[in-house]
Amino acid sequence: INQTIQDQEGYIWFASTQGLSRYDAYNILNFKLRNAAGKVTTQQSIRALIALGNKLILGSESGVYVLDKRNYKVFPLKDSRVATVRVNALMVDLERRLWIGTDNGIFIYNSDLIPLTEAQSSQVLNSSMQGKTVNMIFQDSQANIWIGVWGAGLFKLNPSSSKLTSYPRLGQRNNPFKLMEDDRGQLWLCTWGDGIYLFNPQQPNNPYKEIEIKNKRRTIGKEDLFYNIIQDQSRRYIWVLSFSGISTL
């Protein structure tokens, strides 16, 4: 299972290497990715999942798909640019635009899943992300959009312009992978290979404070490989999923 979300109706959805599943506390319904003709595709691995209105957006190993919850039909997104691309991240911003981070840059759509024109896109994000492997897209409570690029580090997109600001190198690999904002407004930054950090963008010269978690599998050294991070709404614990398993802070 690559990702789990709960929608507004309370259903829990699982994106897995074998397709999509919906859990209603009693039963599980399974769905398969289908091509434009309605036939099941040979590749069923879903890497990212997000809700957008009455639809679910599915980012796969090869292309982007949509599940319409009004009729539960699954179909590919109508955009040849993302028909076969590998999807790494999905984000719906405060203006309900859909951002898709891929191995070939970022693609942006309006709430009706219509691609922004080149002129519209240039007003939101300049062309510097074209061709980049984008691992992460996150919008914080101040409306800033944070973008993580494989091997190239962390970038902040100003919400009022298309200007990108790069942040200092993060460890040896420089692979920011997940970003989360907690209930205190603190930003937590997980990396792929360099540990986990509290991130303070107000200190641009030294913005990272490392939080070391013991590596339980290797028995020595810190945990360096992280997959996801969330905060629960009950006890406000930070839950971290890493190579060693699950840790709570």
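Rules used in this analysis
- Residues numbered from 1 in each chain as written.
- Predicted model: local features only at pLDDT ≥ 70, side-chain atom pairs only at ≥ 80, totals over all residues.
- Heavy atoms only, no water.
- Helix = DSSP H or I, 4+ residues; strand = E, 2+ residues; numbered from the N terminus.
- Rg over C-alpha atoms; globule rule 2.2 N^0.38 Å.
- Buried < 20%, exposed > 50% of the residue type's maximum accessible area, 1.4 Å probe, protein only.
- Contact = heavy atoms within 4.5 Å.
- Lys, Arg positive; Asp, Glu negative; His and termini not counted.
- Charge placed at Lys NZ, Arg CZ, Asp CG, Glu CD.
- Patch = residues over 30% accessible without salt bridge, like charges linked within 9 Å, V, L, I, M, F, W, Y side chains within 5 Å.
- Areas by Shrake-Rupley, 256 points an atom, 1.4 Å probe, with all protein chains shown as cover.
- Salt bridge = Lys/Arg side-chain N within 4 Å of Asp/Glu carboxyl O.

### A few points about the overall build of the chain
Thought 1: Scanning the chain for helices and strands turns up one helix and 22 strands.
Thought 2: Relative to its length of 249 residues, the chain is compact, with a C-alpha radius of gyration of 18 Å against a globular reference of 18 Å.
Thought 3: Taken over the C-alpha atoms alone, the chain extends approximately 50 × 45 × 30 Å along its principal axes.
Thought 4: Across the 249 residues in the chain, those meeting the buried criterion constitute 47%.
Thought 5: By sequence separation, contacts in the chain at least 24 residues apart represent 41% of the contacts at least 6 residues apart.
Thought 6: Here the chain carries 29 positive and 21 negative side-chain charges, and the mean point of each set is 4 Å from the other.

### Description of unusual backbone geometry
Thought 1: We note that Tyr-72 has phi near 60 degrees; this positive angle belongs to a residue other than glycine.
Thought 2: Looking at the element boundaries, Tyr-72 is found in the loop between strand 7 (63–68) and strand 8 (73–76).
Thought 3: Phi at Arg-236 takes a positive value of approximately 65 degrees, unusual for a residue other than glycine.
Thought 4: Checked against the element boundaries, Arg-236 lands in the loop between strand 20 (226–231) and strand 21 (238–242).

### Focus on the environment of Gly-19
Thought 1: By the element assignment, Gly-19 lies in strand 3 (residues 19–23).
Thought 2: Residues Gly-19 and Val-82 lie 63 residues apart in sequence; the distance between their C-alpha atoms is 18 Å.

### Here's the deal with a nonpolar patch on the surface
Thought 1: A cluster of nonpolar residues, Ile-230, Tyr-237, Trp-239, Leu-241 and Ile-246, forms a patch on the protein surface that exposes about 470 Å² of accessible area.
Thought 2: Assignment of secondary structure puts Leu-241 in strand 21.
Thought 3: Given a relative accessible area of 38%, Leu-241 falls into the partly exposed group.

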